[in-house]
Amino acid sequence: MATHKGAVLLKFCAIFILTLFAFEGKAYAQVSGSVTLVSDYSYRGISLSDGQAVPQLNLVYDSPDGWYAGAFGSKVRVYSWTSDGEQILLYSGLSRRLGLASGMIWEAGVTGSLFPNATSLNYGEIFTGIMMDNLSARIYYSPDYIGLSMKSLYLEANADYALHERIDVFSHIGWLTYPDAKAGQVANNRLDARIGFGVNFSSWKLQLAYGTTKQRHTYSAVRYQSPARSNLVFSASYLF
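Now for a look at the structure at hand. (Residues numbered from 1 in each chain as written. Predicted model: local features only at pLDDT ≥ 70, side-chain atom pairs only at ≥ 80, totals over all residues. Heavy atoms only, no water.)

### A few points about the sheet that holds strand β12 (residues 190–201)
What counts here: Paired strands, as defined in this entry, are two strands with at least two bridges between them according to DSSP. A helix here means a DSSP run of H or I that spans at least four residues, while a strand means a run of E at least two residues long, and both kinds are numbered starting from the N terminus. Orientation is described by axes fitted as lines to C-alpha atoms, over the contacting stretch for helices, and by angles from 0 to 180 degrees between their N-to-C directions.
In spatial order, the strands read β1-β4-β5-β6-β7-β8-β9-β10-β11-β12-β13-β14; together these twelve strands close into a barrel with antiparallel pairing. When strand polarity is set aside, the average angle formed by the axes of neighbouring strands in this sheet is 20°. Sheet analysis places strand β13 (residues 204–215) next to strand β14 (residues 229–239), joined by ten bridges and oriented antiparallel. By the bridge assignment for β14, Y210 is matched with L232.

In structure tokens form, the structure reads like this:
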């Protein structure tokens, strides 16, 4: 049942994104993107590249009336004993300002994560959140999270601050939990945090971040699990 719900979310996400690209006014739309090399692809506190450097590509489509859609791709190595593969993350949503004089923006959308070489890990999510100035917060829900065949909730908060025209600092904190998890299945209630700074010049962005992951309970290891860890991650991105 959970797998069926996840497949429905993935299909809905793909159809929604294709619809936006097909019917939105192209003359007023904005397309942007980036090519990145990152020393370790850390996803919600877990390395999806087995601690290795991987290339990534991100494309974003923004319409003038608040709709947006995008696609993110990265090389991954989910299991250390398998060959490299890819993750393709599709996302789409709508953002709206809360009141004409308010600086707060509400958003909601869907995501679909595909692993062509490990299709059992495919999953979909819905999310909602708020943004204001340099602060944002989101909550994600999946009925079948990344191959674990159980529901998940992920809450995150992000902040960034410009120290200089070309230098900014940023932070992130996230909390992942499985509402229907049973002892022995997963390491439940995982907390991940990251802080770092970035340097911008011309079309390039360089970032260095320190991240840490903590788990409230440690159960037997299964897919998409790892012990608590801390590391430094460097990335270089070309923006277009």
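There is more to say, and it comes next.
### Considerations on the side chain of K205
As a reminder of what qualifies: The buried label applies to any residue whose accessible area, calculated with a 1.4 Å probe on protein chains only, is under 20% of its type's maximum; exposed applies above 50%, and partly exposed to all values in between. Pairs of N or O atoms are called polar contacts if they sit within 3.5 Å, as long as, within protein, a hydrogen donor faces a hydrogen acceptor (for residues adjacent in sequence, only side-chain-to-side-chain pairs). The contact criterion used throughout is that any non-hydrogen atoms of two residues lie within 4.5 Å.
By secondary structure assignment, the location of K205 is in strand β13. K205 sits in the buried class, given a relative accessible area of 18%. One polar contact links K205 to D168, side chain to side chain, over a distance of 3.1 Å. The residues touching K205, leaving out its near neighbours within four places in the chain, are D168, V199, N200, S235, A236, S237 and L239.

### Let's talk about the packing of aromatic side chains
We count it as follows: Ring pairs shown here join Phe, Tyr and Trp side chains whose ring centres sit within 6.5 Å, with only the six-membered ring taken for Trp; geometry is labelled stacked below 30 degrees between planes, edge-to-face above 60, and tilted in between. Whether a charge sits over a ring comes down to the Lys NZ or Arg CZ being within 6 Å of the ring centre and within 35 degrees of the ring normal.
Per the stated rule, a full pass over the model turns up seven aromatic pairs. Ring centres of Y41 and F72 lie 5.9 Å apart, and the angle between their planes is 55°; this geometry places the pair in the tilted category. A residue pair is termed long-range when its members are at least 10 positions apart, and Y41 in the loop between β1 (30–38) and β2 (42–43) and F72 in strand β5 (residues 67–76) qualify at 31 residues. Where Y123 meets Y145, the ring centres are 5.0 Å apart and the plane angle is 65°; that geometry is what we call edge-to-face. Pair noted here: Y123 is in strand β8 (residues 123–132) and Y145 is in the loop between β9 (135–142) and β10 (152–162), with a separation of 22 residues, a long-range link. With respect to class, Y123 is no different from Y145; both count as buried. Clustering of aromatic rings is evident, with ring pairs tying together Y41, Y43 and F72. When the ring centre of Y140 is taken as reference, the NZ or CZ atom of R44 above it lies at 4.9 Å. Above the plane of the ring of Y154 lies R44, whose end atom (NZ or CZ) is 4.3 Å from the centre.

### A short note on a nonpolar patch on the surface
Definition in use: Each patch is built from salt-bridge-free residues with over 30% relative accessible area, joining like charges within 9 Å and nonpolar side chains (Val, Leu, Ile, Met, Phe, Trp, Tyr) within 5 Å. Under the convention used here, a 1.4 Å probe and the Shrake-Rupley method define accessible areas, while residue burial counts only the protein chains that appear. One speaks of a salt bridge when a side-chain nitrogen belonging to Lys or Arg is within 4 Å of a carboxyl oxygen belonging to Asp or Glu.
A cluster of nonpolar side chains, contributed by Y161, L163, I167, I195, F197, L208, Y210, L232 and F234, occupies part of the molecular surface with about 900 Å² of accessible area. When residues of the nonpolar patch are traced back to their parent elements, those giving at least two are β12, β13 and β14. Here Y161 is to be found in strand β10. Classification of Y161 by relative accessible area gives exposed; the value is 51%.

### Quick word on the environment of R97
Note that R97 resides in strand β6 (residues 85–97). The class for R97 is partly exposed, based on a relative accessible area of 47%. In sequence terms R97 and E107 are ten residues apart; their C-alpha atoms lie 8.7 Å from each other. Once residues lying within four places of it in the same chain are set aside, the contact partners of R97 are S102, G103, M104 and I105.

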